[in-house]
Amino acid sequence: MTEAVIIGAGLHPFGRFPGKSALDMGADAVRLALADAGVNWPQIQGGYIGSYEVANPDAIVARLGLTGVPLRGVFNGCATAGTAVALAARAIESGEHDLAVAIGLDKHPRGAFAADPSVAGIPSWYGQTGLFLTTHFFGMKINRYMHDHGISHETLARVAAKNFGNAARNEKAWRRTPLSVAEILASPVLNFPLRQFMYCGPDEGAAALVLCRADQAHKYTGKPVRIRSTALRSRRLGAFEVQSPSFPVGENVASPTVDASREAYERAGIGPEDVDVAQLQDTDAGSEIIHMAENGLCKDGEQERLIAEGATEIGGRLPVNTDGGLLGNGEPIGASGLRQIHEIVHQLRGTAGDRQIPGTPRVGYTHLYGAPGVSAVTILST
């Protein structure tokens, strides 16, 4: 089977852009990715595009060129971008396309995400009692995790401070003002133990990748980034996930993140010890802590020491969310995971500027998690 590699990556800044549509942001990201790859739009043979807010994101072809290209719309919650990349890679690997794109874009209104619980197959009482809130769920989950594994409030604040500090080095990030641990701990509690500056926010942005056959990459770039594996898993019965209407009783069931991570490592033929830089879903500071263990990067409870030692900082032994993560960039759902991969591509190329990690990173890891309990993992390497 032919291997898929990334030869181009483009990112529209994340934030708020009044008067600019999601499709226009997406077109800008695609043009940046095409320029990075040295490819023209008419050469693209197919691809996948994801969005939450845009009903027909494939309409982007009107802005890029009406070439008849098959551009398929996908949506899988916060794992949308992971799905788009996986399907584009499969199209390359199967021989369907030689050049393909993965695109994500969104333009969310201000405020938290809201919906009718019935669209997720959950009884109306779940919303009427105030439980259909992601902020509430993440607060409950990290509160129990802190109790069980000895994680402190200061560690939550250290994660947020790290990510805002990394975002300050990222010219395309949304929240670029560094915040201290003390400032974060002094911010209002939203859902205990999580405070105002421990949550990400919905915003706007777009990202795109150009993929090709590995045996043709030399035509376009001297630094292709290999897609070693992709994995997507949904929740299993008994797992406590975003839209679970109750807490499971008895033996704990692994999160879909654990399942997706194990599958991705196995497919890539590498282990957590090989990862040089990671991008984890930090919907809130607690999620990054939990996902460190769920992705096999440490054991439960080790985060307290690792974060205090600076292990996850840009200069640490396992940098996490070097571009600021969701906390620093916000989350336009369709684009968020492609932003993660954009950052890993630049880290592996050695072109991340002020955010570049030391040494010569060879393996990068990205992880997405979202409602109703789905996780996507992509492992990349030089």
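This text goes with the structure placed above it.
First, a word on what this report is: a plain description of the structure on this page. Predicted model, so just to flag it, every value in this text is computed and none were measured.

1. Topic: the layout of surface pockets
By volume, the second largest pocket amounts to about 510 Å³. In terms of lining, the second largest pocket is formed by 21 residues, of which the most central are K141, Y145, N252, V253 and E294. With six residues, helix 5 (residues 134-149) is the single largest residue contributor to the lining of the second largest pocket.

2. Quick look at the packing of helix 3 (residues 80-93) against helix 12 (residues 333-349)
Where helix 3 meets helix 12, the axes come as close as 6 Å, and the angle between the chain directions of the two elements is 65°. Every residue of helix 12 that contacts helix 3 at T80, A81 and V85 is listed here: I333, G334, G337, L338 and I341. For the contact of helix 3 with helix 12, the residue count by class is five nonpolar, three polar and no charged.

3. Focus: the sheet that holds strand 11 (residues 374-381)
On the basis of which strands lie adjacent, the open sheet formed by nine strands has the order 3-2-4-7-1-8-11-10-9 and mixed pairing. Bordering the open sheet on either side are strand 3 (71-74) and strand 9 (277-279), each of which pairs with just one other strand. Direction aside, neighbouring strands of the sheet carry axes that sit 20° apart on average. Of the pairings in the sheet, the one linking strand 9 to strand 10 (residues 363-370) comprises three bridges and is parallel in character. The partner of Q279 across the bridge, within strand 10, is T366.

4. Structural notes on the pattern of salt bridges
The final tally for this structure, using the stated rule, is 20 salt bridges. The shortest N-O distance in the salt bridge between E204 and R16 comes to 3.5 Å. You can see E204 sitting in strand 7 (residues 204-213) and its partner R16 sitting in the loop between strand 1 (4-15) and helix 1 (22-37), a full 188 residues away along the chain. Relative accessible area serves as the criterion here: at 6%, E204 is assigned to the buried category. Residues participating in the shared-partner salt-bridge network are R16, K107 and E204.

5. Observations regarding unusual backbone geometry
Note: most residues except glycine have negative phi, and most peptide bonds are trans. With an omega of 5°, the peptide bond running from F192 to P193 counts as cis. Along the polypeptide, P193 turns up in the loop between strand 5 (189-191) and strand 6 (194-195). With an omega dihedral of 0°, the bond running from A371 to P372 counts as a cis peptide bond. Tracing the backbone shows P372 in the loop between strand 10 and strand 11. One non-glycine residue, N321, lies in positive phi territory at about 55°. Within the fold, N321 resides in the loop between helix 10 (303-309) and helix 11 (325-329).

6. With respect to the side chain of N295
Tracing the backbone shows N295 in the loop between helix 9 (285-294) and helix 10. We classify N295 as buried; its relative accessible area is 0%. The contact partners of N295, leaving out residues within four places of it in the chain, are T257, S261, Y265, L280, Y365, H367 and V377.

7. Remarks on empty space enclosed by the protein
Taken as a whole and assessed by the stated rule, the structure comprises three cavities of 30 Å³ or more. By volume, the largest cavity is sized at about 70 Å³. Contributing to the lining of the largest cavity are F138, K141, I142, D284, G286, S287, I290, H291 and Y369. The greatest single-element share of the lining of the largest cavity, amounting to four residues, is contributed by helix 9. Along the lines of polarity and charge, the residues of the lining of the largest cavity split into four nonpolar, three polar and two charged.

8. Quick notes on the packing of aromatic side chains
Within this structure, the stated rule accounts for four aromatic pairs. Measuring from centroid to centroid gives 5.5 Å for Y52 and F75, while their planes differ by 40°, and the two rings are tilted. Of this pair, Y52 sits in the loop between strand 2 (46-50) and helix 2 (61-64) while F75 is found in the loop between strand 3 and helix 3, placing the two residues 23 residues apart along the sequence. A relative accessible area of 37% places Y52 in the partly exposed class. The exposure class of F75 is partly exposed, given its relative accessible area of 44%. Ring pairs connect the aromatic residues F137, F138 and F240, which therefore count as one cluster. The residue whose ring lies beneath R175 is W174, and the NZ or CZ to ring-centre distance is 4.8 Å.

Definitions and limits used
Residues numbered from 1 in each chain as written. Predicted model: local features only at pLDDT ≥ 70, side-chain atom pairs only at ≥ 80, totals over all residues. Heavy atoms only, no water. 1 Å grid on protein atoms, 1.4 Å probe; cavity = no way out; pocket = protein on both sides within 12 Å on 5 of 7 lines; lining within 4 Å. Points joined across faces, edges and corners; volume = space filled by probe spheres on them. Helix = DSSP H or I, 4+ residues; strand = E, 2+ residues; numbered from the N terminus. Axes fitted to C-alpha atoms, helices over the stretch in contact; angles between N-to-C directions. Contact = heavy atoms within 4.5 Å. Nonpolar A, V, L, I, M, F, W, Y, C, P; charged D, E, K, R; others polar. Pairing = 2+ DSSP bridges. Salt bridge = Lys/Arg side-chain N within 4 Å of Asp/Glu carboxyl O. Buried < 20%, exposed > 50% of the residue type's maximum accessible area, 1.4 Å probe, protein only. Phe/Tyr/Trp six-rings, centres within 6.5 Å; stacked < 30°, edge-to-face > 60°. Lys NZ or Arg CZ within 6 Å of the ring centre and 35° of its normal.

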